[in-house]
Amino acid sequence: MNNSAPIVQRAQKRERDKFLPGTVVSFTTLSHPPARFGPRPRVVGLIELENGRRVLAPLVADAPYIGQTVRPRMRLSHVTHEGLRVYEVAYDEAPQVAITEAFSRYLLAFTGPSGVGKSTITKMLAHACSDYAAKVPILTTRAPKAGDDGEYLYTTSAEFDRLKNMGEIVAMTDIPSSSEDRMYGYRAADIEAIWDAGKIPVVVTEMELLQGLAHHYGRRAVLSFGLLPPGKSKRARLSQLLHRLRSRGRESEAHIRDRLKNAEKDLAFFGERKDLFDHMVVNEDLSDLVASLKEKVPGLSGA
Amino acid sequence: MQQDIFLVGSGLTRFGEWWDKSLRDLMREAIEAALASSGLQAQDVDLVIVANMLAEVTNNQAHMASLASSLLPHHPPALRVEAACGSGALAVNTACAFLESNRAKTVLVVGVEKMTDASSDAISQALMGAADSELDAPSGLTFPGIFGLIAKRYMYEFGLTREQLSIVSSVHHKHATENAFAQFRYELSPEAVSASPLVSDPLRLLDCSPISDGAAACILSTVHRSGTRLAASQIASDTLSITERPTIVSFPATRAAMEQALREADITRKDIHALETHDCFSIAAVINMEDLGFTKEGEGIRIYEDLHAGRTPLWVNMGGGLKACGHPVAATGIKQLIDVSKSLTRGRARYGLAHNFGGAGATCGIHILENTHV
């Protein structure tokens, strides 16, 4: 029974769930570890986790030392006689990233379903932080509409295709609609110009464009916020969106239905692609939200 | 102590690797020797307390209390206590509770362990039962590993060197040459310790107490008297896992038990001349000297340097300690009591102390003996 798979599993569950980095308090190399670990020496460390708890775990860093910062990772520990594969949390050296200055060439992205308040947020942000951030215009093939507020650059389908073929467009999408055919995208030149001006490009975007940006510039170059409407259930959130879309009175009921359909997909996307978001924020009180965004965006805190 | 309790008899087997002796044989040998030395009849014993940690695992034997009682003709009531390597001290402490409360007048305490029948991997795993099975063991840690962690941290904090640490085992081996019951009765140079194979960095093979068979028995009584009186019997506990402690370079249970014991005996450290401490690993011997308050934090090795140079009036582990005398886990705490009483008699000193702990200092028992002839 000693150290049977269930014991190991129970023992490690708590720490694995937390999966915290820590600091090496001490470590030792066991020349002859218990037989189940095989004949090779095994380094075991006493690690103080970020939350103050201490754990004993294998240490896989090449040259461990006391005081070293380590990070957890799962690995196969051993296979029992019954064929059970037992996994364990081992601690490895945390990569040493020398931060000499704030990473300046990054994008700030807000993603959320229509009606969640993206435009309002970015307007407020642009107003409060215009010295630090600038909105990236969206290139679109659709016709201008009443209610557009300078966020679009209008072009023809032919021109859009030409830019696309020249690699000038870093992300694009064809937003499905039953009423019109329209392309949207971001031009590299617009983003570069904002960076060159020493500001943070802000994109108010949707799922495909976000993926395109993350693909083009790298996920780490995008500080990504997911915006959720208030409400605990999907139904409550959608009804909140519907209310907002109707109350702004910009669009026909057919458009609103289209947007709501897309919104449903967008909300599902938050769950499916958590990796694309650094922060999920609920747009309930605008002033609170802008304040909390300022805290989370490097370079904006002084704004 | 609420009653005067005397150590009226004691008996030991030689510690070592005894292929031809069973758990029962070892226990019988120690009990018979204890009875013989006391001059009492077996029937004078009205309670038996057995200290044992591993019999179920290594000998397939539970119900140790009844096994011990079987060895006496009148089969007195018996019970078993277990606190890993601290079982011996816990058994003596339990005996004191019975004696002080008049539930018993004469108690036979016997500690026994038969470890060499099992493979070293099985023993190593069984001994890890003395640590936390969910917080410590799954990492693959063994007891040498736990003390390896402690040693590495201690060296980091206090600058103890490998060469200094090697003195500890050398001193213990020297003392064991005089002890007929010791497992290793030969001298060992510090250089030999430093050159022995690594077990759990920075600890080497000769830093570690061995796997041993052996038994130790003593008879404690409130109605029969002798020249050796128990002046204090105290136990203290700490968290089982070292992960739940703020420091690993000190054992708070030792500190607590020591303060309580000095208070109970109504003496100071300066009154103590003979010490048997729990040197399961050489680093533990160093830390013990600090926790017992005989030196400052980080300076425990100085006492061993003095012992090595023959400079200190303190007698430490004169029987060879766990390292050289051997460490049949639960017998150790009782053997220590016997060794302290021998030191007091031989050296005509008044007070001596036995310090025994289980796990990584999770249970600590301290007994102070008084030589009433001084």
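For the structure, check the block above.
Let us look at the structure shown here.

Cut-off values and rules
Residues numbered from 1 in each chain as written. Chains lettered and ligands numbered in written order. Predicted model: local features only at pLDDT ≥ 70, side-chain atom pairs only at ≥ 80, totals over all residues. Heavy atoms only, no water. Helix = DSSP H or I, 4+ residues; strand = E, 2+ residues; numbered from the N terminus. Rg over C-alpha atoms; globule rule 2.2 N^0.38 Å. Buried < 20%, exposed > 50% of the residue type's maximum accessible area, 1.4 Å probe, protein only. Contact = heavy atoms within 4.5 Å. Areas by Shrake-Rupley, 256 points an atom, 1.4 Å probe, with all protein chains shown as cover. Lys, Arg positive; Asp, Glu negative; His and termini not counted. Charge placed at Lys NZ, Arg CZ, Asp CG, Glu CD. Salt bridge = Lys/Arg side-chain N within 4 Å of Asp/Glu carboxyl O. Pairing = 2+ DSSP bridges. Axes fitted to C-alpha atoms, helices over the stretch in contact; angles between N-to-C directions. Parallel < 35°, antiparallel > 145°, perpendicular 65-115°, else oblique. Nonpolar A, V, L, I, M, F, W, Y, C, P; charged D, E, K, R; others polar. Expected span 1.5 Å × (residues − 1). Arc of directions from axis to C-beta. Buried area = accessible area lost by both parts, 1.4 Å probe. Polar contact = N/O pair within 3.5 Å; in protein donor to acceptor, adjacent residues only side chain to side chain. Core = buried A, V, L, I, M, F, W, Y, C linked by side-chain atoms within 4.5 Å.

As a further point, take the overall build of chain B. In terms of helices and strands, chain B carries 13 helices and twelve strands. Over its C-alpha trace chain B gives a radius of gyration of 19 Å, about what one expects of a compact globule, namely 21 Å for 374 residues. Each of the 374 residues in chain B was classed as buried or not, and the buried ones make up 64%. In chain B, the proportion of contacts linking residues at least 24 apart, taken out of those at least 6 apart, comes to 77%. Accessible surface computed for chain B: about 12,800 Å², of which carbon and sulfur atoms make up 49%. Positive and negative side-chain charges of chain B, numbering 30 and 41 respectively, have mean locations separated by a distance of 5 Å.

This paragraph deals with the pattern of salt bridges. All names here are of chain A. Under the counting rule described, the total for this entry stands at 30 salt bridges over all chains. For glutamate 192, the salt bridge identified is with arginine 105, shortest N-O distance 2.6 Å. Placement of the pair is glutamate 192 in helix α4 (residues 188–196) and arginine 105 in the loop between β5 (85–93) and β6 (107–111), with a sequence separation of 87 residues. Using a relative accessible area of 35% as the deciding quantity, one classes arginine 105 as partly exposed. Where glutamate 253 meets arginine 246, a salt bridge forms, and the shortest distance between an N and an O atom there is 2.6 Å.

Turning next to the pairing of strand β11 (residues 351–358) of chain B. Moving residue by residue along a regular strand, the side chains alternate between the two faces of the sheet. Residues and elements named next belong to chain B. Of all eight residues in β11, eight are buried, a share of seventy percent or more. When strand β9 (residues 272–276) meets β11, the two strands line up parallel, connected through four bridges. If you follow leucine 275 over to β11, its bridge partner there is leucine 353. Pairing between β11 and strand β12 (residues 363–371): eight bridges, direction antiparallel. Residue leucine 353 lies in a different strand from β12, and its bridge partner there is isoleucine 368.

With that settled, consider the packing of helix α7 (residues 162–176) of chain B against helix α10 (residues 282–291) of chain B. How two helices pack is summed up by the angle between their axes together with the distance between the axes. Residue and element names in this part refer to chain B. The contact between α7 and α10 brings their axes to 8 Å, and the two run at 95°. By the angle between their directions, the pair α7 and α10 is classed as roughly perpendicular. Across the interface between the two elements, Leu165, Val168, Ser169 and His172 from α7 touch Ser282, Ile283, Ala285 and Val286 from α10. Looking at side-chain class alone, the contact of α7 with α10 contains five nonpolar, three polar and no charged residues.

This part is about the sheet that holds strand β14 (residues 279–282) of chain A. Residues and elements named next belong to chain A. Strand order in the open sheet formed by five strands is β7-β12-β6-β13-β14, with parallel pairing between adjacent strands. Looking at which strands have only one partner, the edges of the open sheet turn out to be β7 (133–135) and β14. Taking the axes of each pair of neighbouring strands and ignoring which way they run, one obtains an average angle of 25° across the sheet. As judged from the three bridges shared by β7 and strand β12 (residues 200–205), these two strands associate in the parallel manner. By the bridge assignment, alanine 134 is partnered in β12 with proline 201. Seen against the sheet, α4 touches β6, β7 and β12 and runs at an angle of roughly 140° to β12. Helix-sheet contacts for helix α5 (residues 207–217) involve β6, β12 and β13 (222–228), and the interaxial angle to β6 is about 160°.

Residue and element names in this part refer to chain B. The terminal C-alpha atoms of helix α9 (residues 252–265), which comprises 14 residues, lie 20 Å apart, in line with the 20 Å expected from a rise of 1.5 Å per residue. Taken residue by residue, α9 has Ala253, Thr254, Ala257, Met258, Ala261, Leu262 and Ala265 as its buried positions. One side of α9 holds all its buried residues, which, seen down the axis, span an arc of 155°. Along its buried surface, α9 packs onto β8 (228–237), β9, α10, β11 and β12. Once α9 finishes, aspartate 266 follows within two positions and takes phi at roughly 60°, a positive value.

As a further point, take the interface of chain B and chain A. Taken together, the contact between chain B and chain A spans 29 residues of the former and 31 residues of the latter. Buried area between chain B and chain A, both sides added, is near 2,400 Å², and the carbon and sulfur share of it is 55%. Taken together, the connections running from chain B to chain A amount to zero salt bridges. For the pair chain B and chain A, the number of links is 13 residue pairs in polar contact (both at pLDDT 80 or more).

What follows deals with the nonpolar core. One finds Ile146, Phe147, Ile272, Ile283, Tyr304 and Ile368 of chain B to be the most contacted residues of the largest nonpolar core, which totals 75 residues. No other element matches helix α6 (residues 143–158) of chain B, which puts eight residues into this core. Those residues in contact with isoleucine 283 of chain B that lie beyond four places of it in its chain are Phe147, Ile150, Ala151, Tyr154, Leu160, Leu165 and Leu203 of chain B. With 50 residues, the next largest nonpolar core counts Leu107, Leu125, Tyr152 and Leu293 of chain A among its residues.

Purely spatial values, then, with no claim about function.
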